Amino acid sequence: MPEDTVFDRILSGEIPCDSVFSDELCLAFRDIQPVAPVHILIIPRKRLESLNSSTEADESLLGHLLITATKIAKQEGLKDWRAVINTGSEAGQTVFHLHVHLIGGRALKWPPG
Ligand code: 5GP
C-alpha cells in the first residue's frame, strides 16, 4: 500500500484546499504554487500513484478526469489551455497521487523543460 500523500490529506479534509469542483470520482482545486493565472489540479478519489499504476479498469476514471478538466476550463473562461500529467520523478512528479494539471490564462511555450 503506498504511503499517504498530501492529496490524501486534502481528500480527507485534513488539509484545506480551494476547491472548484467535486463529485463521487474526483476533486479539483487550485494549485498552491500556480505557474499560470489558472492552475487547477484534478485528482481521482481512488488512490493511484501515477499513470504507471493505472490499468484498463481505470479507463472510464481517466476519461472522467479529462472531461472534468474540460468542463472546468470552460467554467474558468479558457479557450486555450493545457492538461499535464507528470508521471514519475524524472518527469517532474512530486506528489505520488495521480493528478491532472489544468494550466491556462497565459500563452504557454512548447516543449516544456
Ligand atoms: P507534480 O509536480 O507532482 O506534477 O504536481 C504536484 C503539484 O501539487 C504542484 O504543482 C504543487 O504546487 C501542488 N501542491 C503540493 N502540495 C499542495 C497543497 O498542499 N495544496 C495544493 N493546493 N497544491 C499542492
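The structure we're discussing is the one just above.
Described in the following lines is the structure provided in the data block. (Residues numbered from 1 in each chain as written. Predicted model: local features only at pLDDT ≥ 70, side-chain atom pairs only at ≥ 80, totals over all residues. Heavy atoms only, no water.)

**Here we look at the sheet that holds strand 3 (residues 38-44)**
Reading across from one edge, 1-2-3-5-4 is the order of the 5 strands in this open sheet, with antiparallel pairing throughout. Across the chains shown, the open sheet's two edge strands, defined by having one partner strand only, are strand 1 (19-22) and strand 4 (81-84). Between one strand and the next, the sheet's axes are offset by a mean angle of 15°, whatever the strand orientation. Pairing between strand 4 and strand 5 (residues 100-104): 4 bridges, direction antiparallel. The residue bridging Arg82 from the neighbouring strand is Ile103, located in strand 5. Sitting on the sheet, helix 2 (residues 59-75) touches strand 1, strand 2 (26-30), strand 3, strand 4 and strand 5, and the angle it makes with strand 3 is about 155°. (Pairing = 2+ DSSP bridges. Helix = DSSP H or I, 4+ residues; strand = E, 2+ residues; numbered from the N terminus. Axes fitted to C-alpha atoms, helices over the stretch in contact; angles between N-to-C directions. Contact = heavy atoms within 4.5 Å.)

**Remarks on the site of the ligand**
Within the structure, the ligand sits among 16 residues, and Asp31, Asn86, Gly92, Thr94 and His101 are positioned closest to it. Between a nitrogen atom of the ligand and a main-chain N or O atom of Ile32, the distance comes to 3.3 Å. At 2.9 Å, a side-chain N or O of His99 approaches an oxygen atom of the ligand. For the ligand, the accessible surface in isolation is 520 Å², of which the surrounding protein chains cover 84%. Judged by the fraction of its atoms near the pocket grid, the ligand is located in the largest pocket. Secondary structure elements with two or more residues in the shell around the ligand: helix 1 (6-11) and strand 2. Per-element tally for the shell around the ligand: the top contributor is helix 1, with 3 residues. Looking at the shell around the ligand residue by residue, the classes come out as 7 nonpolar, 7 polar and 2 charged. (Near = heavy atom within 4 Å. Polar contact = N/O pair within 3.5 Å; in protein donor to acceptor, adjacent residues only side chain to side chain. Areas by Shrake-Rupley, 256 points an atom, 1.4 Å probe, with all protein chains shown as cover. 1 Å grid on protein atoms, 1.4 Å probe; cavity = no way out; pocket = protein on both sides within 12 Å on 5 of 7 lines; lining within 4 Å. Sits in = over half its atoms within 2 Å of the grid points. Nonpolar A, V, L, I, M, F, W, Y, C, P; charged D, E, K, R; others polar.)

All quantities given are derived from atomic positions and should not be read as evidence of function.
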